[in-house]
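# Observations on chain architecture
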Amino acid sequence: MPHTTEPRRRTAGRALAPGRSAARPGVLPRALLAALLGGLALLGVLATASPAAAHAALTGSDPAQGSVVRDAPEQVSLDFSEGVTMSEDSIRVLDPHGERADTGKIRDTGTAGKVQRTVSLKPGVPQGTYTVAWQAVSADSHPVSGAFTFSVGKPSKTTATVPQEDKNTGGGAVGTLYGIGRYAAYAGYVLLIGGAAFVLLCAPRAASSRAVQRLTVTGWTVLTAATLALLLLRNPYTGSGKLADVADLGGLGDVVATKPGAALVSRLLLLAAAGLFVSVLFGAYARRENGGRDTDGRTGGATQGAAADAGTGSAKPDGTAAEGTGTDGAEAVRERRDLRYGLAIGGTVVAAGLAATWAMAEHASTGLQTAVAMPVDVLHLLAVALWLGGLAALFCLLRWGPSPTGAEARRFSRVAFTSVTVLAATGLYQSWRQVGTLDALTSTSYGQLLIVKVVLVAALVAVGWFSRRWTARLTEDPAAGERPQAARAAAVPGSRSPERAATPAGTARAAGTTRPSAPPAGEGDEPEGDGAAPADPVRAAQLARQRAAANAARRRRQREADPQRSGLRRSVLTEAGIAVVLLIVTTVLTSTEPARTEEQARAAGGASQGASGPVDVKIPFDTGGPRGKGTAELELDPGTSGENTLELRTTDPAGRPVEAPEVKVSFTLPAKDLGPLSVTPEPVRGEKGRWKAPDVRLPLPGKWKVAVTVRTSDIDQVTAYKTATIG
């Protein structure tokens, strides 16, 4: 029947050409998927740019970094800002030839809350420069490593190098993959908890929406896969940095015995319970709430259809099933209420438990007020998931249907407002705990990232204000906005109203009307049948798919024609885009050294401090004799602990050089009861008033008391003092 088949092809083709292809609610929203993938790519770039930041900082050592000690020490001690975990060989002391000078046995020598690890040295170590390389896992689960040098007797050349595994710790390909896994875990948690909470708290009929189902299940899948990946990557991430060590079962056993490993295993067990929760939510609960019918855009108003069932009552305007009449109806209402109550209690326990697996192994588990910080961190994560995950679920309904009612949108608006309030309160506490001072907010990487996060949250709140305005304009019945559009569409050539499209072909014939065997091109949005099924089953299946696609395209045009829902959809999509960036910043923030720790390390003059540059000290003097008044200008280069060069100039008040028969300099470090260390500079030939000492050794950094003695005659002499920070 060529004359009937060909027109159908043309009609189907027109049905699929409204300007956009028909969307399938069974597929994860492509806009959200693209945003998440873009976030993963950006996070990969950020993770590759630099190695993972350390959270436990080295705040001191004995011998100190760069110091020169007279006698060989019996041991080397390291002080840290927070608790650390160290395995054997985590501290290695290498002699000038690169050979091990330590015994390899690490001891915990901390007292009174001080975190200190010590390794003994072999007896009889020779003079020269020694390299200390160390590696540890901080209490908040992040690897940290470093190296410094000290000298015995006098500095020497050294061939020792930091072991490669120390350089790779927390960085390289493994560090990049670990960072991406952390981001994926956060994103999966947000989608899983936010999607499920949106169904229970805001839109129960969304339990049968294919788009919301796929969104939530995808969140569970991503979180599970990311957790497994983090568990396998944990050993090389904190150790060798080699990707091949993922298959090291012995290392995996060691990881499980640590606090971060136990947290990841606990998360996997909770995810098993979450999988059961999701299956009940989108299975038994969806059937009881919506009469066993899908409420996505492919089947239309299933809720209203379910309300027509005998004994189940009628549908409420917000799309939820109303209480029925009679014994069967009361029983159904009671079962539905009990199931919702059980899901709410179980879901809350699972969601809080999953959030606790982050709180027990990261920033909240160490530092100040951990007993308060961990519950606060759980609340913070729950609020993020309810807000951002709910946004994603709302976008699914706005984009793929069923279109949310005004009551559903307003319920989510209240949930979002509560979540933002909790976020503000918990975020303020966390900021005080991790930053401490206003200066640290701008002078540290953690503080600067925190400012970026606050700006992003403010942008989200601003866009959310526009969303609330669109929410207030929504009609109670989502179909109310579609009927005027359908009426206008009926007046447009080549368009068709929903009522006409829903009229069976046999009804027209039963009324005595006739219809041409091939409809004119451009009429209708869906292919028409002859009243009898085609003999070819393949052709019948093709026509069924074309009809379904045409109906989906028509319903999508009707949803997009509603200006209120279209405006709300655009603002929610904008919020979702900002939320993706916010998750990236949050992930980077959790792997950045807290500002308090960084400030503490700076104040303690730990291993991270660098050379301060030459030290200039000007000391006025007056010997009391002729031309006995002037200034001694002392320069110490490079101005650090260890070997320095001293230059001294003496000038009178007019700036002219002052000759002196003798000049002496001494250095005293009162804090360590060290000194005075005397230095006698030699006069520079051919230059009046200038002296130089090429080998001035200061063993420790700190605030040194500098004493300059100037003798201008046999009887005129004075010693002047000044304090200078060196090293």
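Quick caveat, the model's predicted, so the values are computed rather than measured. (Residues numbered from 1 in each chain as written. Predicted model: local features only at pLDDT ≥ 70, side-chain atom pairs only at ≥ 80, totals over all residues. Heavy atoms only, no water.)

## What to know about the overall build of the protein chain
Keep this limit in mind: Comment: elements are numbered from the N terminus, with helices defined as DSSP H or I runs of at least four residues and strands as E runs of at least two. Type-normalised accessible area, obtained with a 1.4 Å probe on protein chains alone, sets the label of each residue: buried when under 20%, exposed when over 50%, and partly exposed for intermediate values. In this analysis, two residues are considered to be in contact whenever any of their non-hydrogen atoms come within 4.5 Å of each other. Accessible surface is estimated by sampling points in the Shrake-Rupley manner with a 1.4 Å probe; for residues, cover comes only from the protein chains shown.
The secondary structure content of the protein chain amounts to 19 helices and 18 strands. For the protein chain, the proportion of its 727 residues judged to be buried stands at 49%. Counting contacts in the protein chain only where the partners sit at least 6 residues apart, residues at least 24 apart contribute 71% of the total. Within the structure as shown, the protein chain displays about 33400 Å² of accessible surface, and the carbon and sulfur contribution to it stands at 59%.

## Some thoughts on the sheet that holds strand β3 (residues 75-80)
Here is the rule we go by: Criterion used throughout: strands pair if DSSP finds at least two bridges between them. Think of each axis as a best-fit line through the C-alpha atoms, taken over the contacting stretch in the case of a helix, with angles from 0 to 180 degrees between the N-to-C directions.
Reading across the sheet, the 4 strands line up as β1-β3-β7-β6 and stay open at both edges, with antiparallel pairing between neighbours. Two strands close off the open sheet at either side, each with one partner strand: β1 (58-62) and β6 (102-108). Strand-to-strand, the axes of this sheet are offset by a mean angle of 20°, without reference to chain direction.

## Things to note about unusual backbone geometry
D62 connects to P63 through a cis peptide bond whose omega is 0°. Among the secondary structure elements, P63 is positioned in the loop between β1 and β2 (68-69).

## Description of the packing of aromatic side chains
Selection rule: Stacked, tilted and edge-to-face pairs are distinguished by plane angle, under 30 degrees for stacked and over 60 for edge-to-face with tilted covering the rest, among Phe, Tyr and Trp rings (Trp via its six-membered ring) whose centres lie within 6.5 Å. Whether a charge sits over a ring comes down to the Lys NZ or Arg CZ being within 6 Å of the ring centre and within 35 degrees of the ring normal.
Under the counting rule described, the total for this entry stands at 7 aromatic pairs. Judged by centre distance (5.3 Å) and plane angle (75°), the ring pair of F80 and W134 falls under edge-to-face. Here W134 lies in strand β8 (residues 128-138) and F80 lies in strand β3, a separation of 54 residues in the sequence. Just as F80 is buried, W134 falls in that class too. Over the ring of W358 we find R267; its NZ or CZ atom is 3.9 Å from the centre of that ring. Taking the ring centre of Y721 as reference, the NZ or CZ of K705 above it sits at 4.7 Å.

## Let's talk about a negative patch on the surface
Spelled out, the test is: Residues forming no salt bridge and having over 30% relative accessible area are the ones grouped into patches, like charges within 9 Å of each other and nonpolar side chains (Val, Leu, Ile, Met, Phe, Trp, Tyr) within 5 Å. What makes a salt bridge here is a side-chain nitrogen of Lys or Arg within 4 Å of a carboxyl oxygen of Asp or Glu, nothing more. Counting rule applied: Lys, Arg positive; Asp, Glu negative; His and chain ends not counted. Here the site of a charge means atom NZ of a Lys, CZ of an Arg, CG of an Asp or CD of a Glu.
On the surface, D616, E633, E635 and D637 cluster together into a negatively charged patch. Among the elements that line the negative patch, the one with the most residues is strand β11 (residues 629-637), at 3 residues. Its location among the elements puts D616 in strand β10 (residues 615-622). In this structure D616 comes out as exposed when scored by relative accessible area, which is 51%.

## Some words on the packing of helix α4 (residues 172-201) against helix α10 (residues 370-400)
The line we're drawing: Oblique is the label for any angle not under 35 degrees, not over 145, and not in the 65 to 115 range, which are roughly parallel, roughly antiparallel and roughly perpendicular in turn. Helix crossings are classified by the rotation of the near helix relative to the far one: an anticlockwise turn of less than a right angle makes the crossing left-handed, while a clockwise turn makes it right-handed.
Two elements in contact, α4 and α10, have axes whose closest approach is 6 Å; the angle formed by their N-to-C orientations is 70°. The angle between α4 and α10 places the two elements in the roughly perpendicular class. With respect to the hand of their crossing, α4 and α10 are arranged in right-handed fashion. Of the residues in α10, those touching α4 at Y186, Y189, V190, L191, I193, G194, G195, A197, F198 and L201 are L381, L382, V384, A385, L386, L388, G389, G390, A392, A393, L394 and L397.

## Concerning a nonpolar patch on the surface
A cluster of nonpolar side chains, contributed by Y341, I345 and V349, occupies part of the molecular surface with about 340 Å² of accessible area. Turning to its location among the elements, V349 is positioned in helix α9 (residues 326-359). The exposure class assigned to V349 is exposed, which follows from its relative accessible area of 55%.

## Some details on helix α11 (residues 406-435)
Condition: By this rule, a helix spans an expected 1.5 Å times one less than how many residues it contains.
In this model α11 runs 42 Å from its N-terminal to its C-terminal C-alpha over 30 residues, within 8% of the 44 Å that 1.5 Å per residue would give. Once α11 finishes, G436 follows within two positions and takes phi at roughly 90°, a positive value.

## Points about the nonpolar core
Here is the rule: To define a nonpolar core, start from buried Ala, Val, Leu, Ile, Met, Phe, Trp, Tyr and Cys residues and group those joined through side-chain atoms within 4.5 Å.
Y189, F198, L281 and L388 are the most contacted members of the largest nonpolar core, which totals 80 residues. Of all elements in the fold, only α4, α5 (210-238), α7 (259-290), α9, α10, α11, α13 (445-473) and α18 (563-590) reach the threshold of two or more residues within this core. For this core, the element with the highest residue contribution is α10, accounting for 17 residues. If sequence neighbours within four positions are ignored, L281 has contacts with A196, V199, L200, A207, A286 and L343. Residues L634, A693, W704 and A720 belong to the second largest nonpolar core, which totals 26 residues.

## Concerning the side chain of S77
Cut-off, in case you're wondering: By the criterion applied in these results, polar contacts are pairs of N or O atoms within 3.5 Å in which, for protein atoms, one can donate a hydrogen and the other can accept it, and in which residues neighboring in sequence qualify only through two side-chain atoms.
With respect to the secondary-structure elements, S77 resides in strand β3. Within the structure, S77 has its side chain in polar contact with the side chain of T118 (distance 2.9 Å). Sequence-distant contacts of S77, that is, excluding residues within four places in its chain, are made with G60, S61, D62, Q116, R117 and T118.

## Observations concerning the pairing of strand β7 (residues 115-121)
By the criterion of burial, β7 is predominantly enclosed, with 7 of the 7 residues buried. Of the two faces of β7, the one holding V115, R117, V119 and L121 and the one holding Q116, T118 and S120 are both buried throughout. Taken together, the 6 bridges between β3 and β7 define a ladder with antiparallel strand orientation. Looking at the pairing, F80 lines up with V115 of β7. Here β6 pairs with β7 via 4 bridges, running antiparallel. Within β7, the position partnered with I106 by the bridge is V119. Hairpin connection of β6 to β7: 6 residues between the antiparallel strands, including A112 at a positive phi of 55°.

## Some details on α5
Note the threshold: Consider a residue and the seven residues that end there alongside the seven that start there; fitting an axis to each set, the bend is the angle between those axes.
An ideal rise of 1.5 Å per residue puts 42 Å on 29 residues; α5 measures up with 41 Å between its terminal C-alpha atoms. L232 marks where α5 bends most, by close to 35°; the proline P236 follows one to four residues later.

## Side note on the pairing of β8
Within β8, 11 of the 11 residues are buried, which leaves the element mostly enclosed by the surrounding structure. In this sheet, β8 lies alongside strand β4 (residues 84-85) in antiparallel orientation, the contact comprising 2 bridges. When the sheet's bridge partners are listed, V84 is paired in β8 with S138. Pairing of β8 with strand β9 (residues 143-152) involves 10 bridges; the strand directions are antiparallel. Note that in β9 the partner of Y130 across the bridge is F150.

## Comments concerning the packing of α5 against helix α6 (residues 249-256)
What counts, and what does not: Classification used: nonpolar for Ala, Val, Leu, Ile, Met, Phe, Trp, Tyr, Cys and Pro, charged for Asp, Glu, Lys and Arg, polar for all others including Gly.
Packing of α5 against α6 leaves a shortest axis separation of 9 Å and a crossing angle of 100°. The angle between α5 and α6 falls in the class roughly perpendicular. On α6, the residues touching L231, L232, R234 and N235 of α5 are G251, L252 and V255. Classifying every residue of the contact of α5 with α6 gives 4 nonpolar, 2 polar and 1 charged.

## Quick notes on the pattern of salt bridges
A pair can form between side chains of opposite charge whenever their charged atoms are brought close. Evaluated as defined, the whole model comprises 12 salt bridges. One salt bridge connects R690 with E687, and the closest N-O pair in it is separated by 2.9 Å. A relative accessible area of 16% places R690 in the buried class.

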